[in-house]
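Spelled out from the first residue to the last, the chains are:
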Amino acid sequence: MSVALAVKAIIMAAIAAVTLTVFHTHAKRSTFVGAFSVAFAILMYASPLTVMYKVCRDKSVEYMPFWLSFTGFANGIVWVAYALLQFDLNILISNGTGAVLGAIQLLLLWTYYRAIYPKCCAGDARQTDIEIMAATKVQYQV
C-alpha cells in the first residue's frame with residue numbers, strides 16, 4: 001500500500017516539475033494539465049467497459065451494480081452542467097464522456113435485468129434470494 005502511494009507521489013511530483021519547467025505561461029500550463037486530466041478522467045469512466053462487454057456477452061447484469069452505474073451517470077451529468085456554466089472544455093469532454101458511458105451502463109442494466117429475474121419483474125410474488133440462486137443454477141446446468 002505504501003509503495004503504491006509513493007509511486008503516485010512520484011508521478012505527481014514529475015508532472016508538477018515538467019509543468020513548471022517546460023511551460024512558462026499560465027495558458028500553456030493549464031492546457032497541459034487539462035489534457036492530462038482529461039485523459040485520466042476518460043480512463044476512469046471507461047474502466048467499466050470490460051464489465052459492459054461481459055454483460056453483452058453473457059446477457060447478465062450480475063457483475064454490474066446499479067448504484068455504481070447510476071452514480072457514475074449522475075456525477076457526469078452534474079459536472080457537465082458545471083462545465084457548461086463555466087465554459088470549461090476540459091471538464092466538459094471528460095465528464096461528458098462519463099455521462100454517456102454511464103447512460104449506456106444504465107441502458108444495459110435496464111435491458112438485461114429482466115433476463116435474470118423474470119418472475120420478480122413480471123409482477124409475481126417476490127422471490128427469495130435462495131429461490132433466485134436456485135433458478136440461475138438450473139439455467140446454467142441446462
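Here the residue numbers are simple positions, counted from 1 along each chain's written sequence. Given that this is a predicted model, residues contribute local features only at a pLDDT of at least 70 and side-chain atom pairs are listed and counted only at 80 or more, while totals for whole chains, interfaces and linings are drawn from all residues. Based on all heavy atoms of the structure, the side-chain values leave hydrogens and waters out of the count.

Participant: Teacher, can you tell me more about the pattern of salt bridges here?
Facilitator: Pairing between side chains of opposite charge can happen when their charged atoms approach one another. Salt bridges are counted wherever a side-chain nitrogen of Lys or Arg sits within 4 Å of a carboxyl oxygen of Asp or Glu. Scanning the entire structure with this criterion turns up one salt bridge. Notably, a salt bridge pairs R57 with D58, separated by 3.1 Å at the nearest N-O pair. Exposure remark for R57: the relative accessible area of 48% places this residue in the partly exposed category. Whether a residue is buried, partly exposed or exposed follows from its accessible area with a 1.4 Å probe, protein chains only, as a fraction of its type maximum: under 20%, in between, or over 50%, in that order.

Participant: Please explain helix α4 (residues 66-86) as it appears in this structure.
Facilitator: Structurally, the α-helix is built with 3.6 residues per turn, so residues lying three or four positions apart point the same way. To qualify as a helix, a DSSP run of H or I must reach at least 4 residues; to qualify as a strand, a run of E must reach at least 2; elements of each kind are numbered from the N terminus. Helix span, as expected, comes to 1.5 Å for every residue beyond the first. Between its first and last C-alpha atoms α4 spans 30 Å; for 21 residues at 1.5 Å apiece the expected length is 30 Å, and the two agree. Burial in α4 covers these residues: S69, G76, V80 and A83. With its buried residues spanning 65° around the axis, α4 presents them on a single face. In α4, the exposed positions that point more than 90 degrees away from the buried face belong to W67, V78 and L85. Positive phi shows up at F87, right after α4, with a value of about 55°. Throughout, the arc means the angular range of directions from the helix axis out to the C-beta atoms.

Participant: Quick question: what am I supposed to make of the confidence of the model for the protein chain here?
Facilitator: Low-pLDDT stretches of the model should not have their predicted coordinates read in fine detail. As a per-residue quantity, pLDDT reports the predictor's confidence and falls between 0 and 100. In the predicted model, the protein chain carries a mean pLDDT of 82, and the fraction of residues at 70 or more is 80%. The weakest mean pLDDT in the protein chain belongs to helix α6 (residues 118-121) at 52; the strongest belongs to α4 at 92.

Participant: I keep staring at the UniProt feature "transmembrane region" (unreviewed entry) in the protein chain and nothing clicks. Help me out?
Facilitator: UniProt positions are given in the numbering used here, feature names are shortened, and annotations may be inferred rather than shown by experiment. Summarizing the sequence annotation, UniProt attributes the feature "transmembrane region" (unreviewed entry) to residues 32-53, 65-85 and 91-110 in the numbering used throughout. Helix makes up 91% of residues 32-53 and strand 0%, whereas the separation of the span's terminal C-alpha atoms amounts to 32 Å. For residues 91-110, the end-to-end C-alpha separation is 28 Å, with 100% helix and 0% strand making up the annotated structure.

Participant: Hey, could you run me through the packing of aromatic side chains in this one?
Facilitator: How two aromatic rings sit relative to each other is set out by the distance from centre to centre and by the angle between their planes. Side-chain rings of Phe, Tyr and Trp, where Trp is taken by its six-membered ring, are said to pair if the distance between their centres is within 6.5 Å; with planes under 30 degrees apart they count as stacked, over 60 as edge-to-face, and otherwise as tilted. Taken as a whole and assessed by the stated rule, the structure comprises seven aromatic pairs. An angle of 20° between the planes, with centres 5.8 Å apart, marks the rings of F66 and F70 as stacked. One end of the pair, F66, and the other, F70, are both in helix α4, four residues apart, so they sit about a helical turn from each other. With relative accessibility at 35%, the residue F70 sits in the partly exposed group. Among the aromatic side chains, those forming a connected cluster through ring pairs are F23, F32, F36 and F40.

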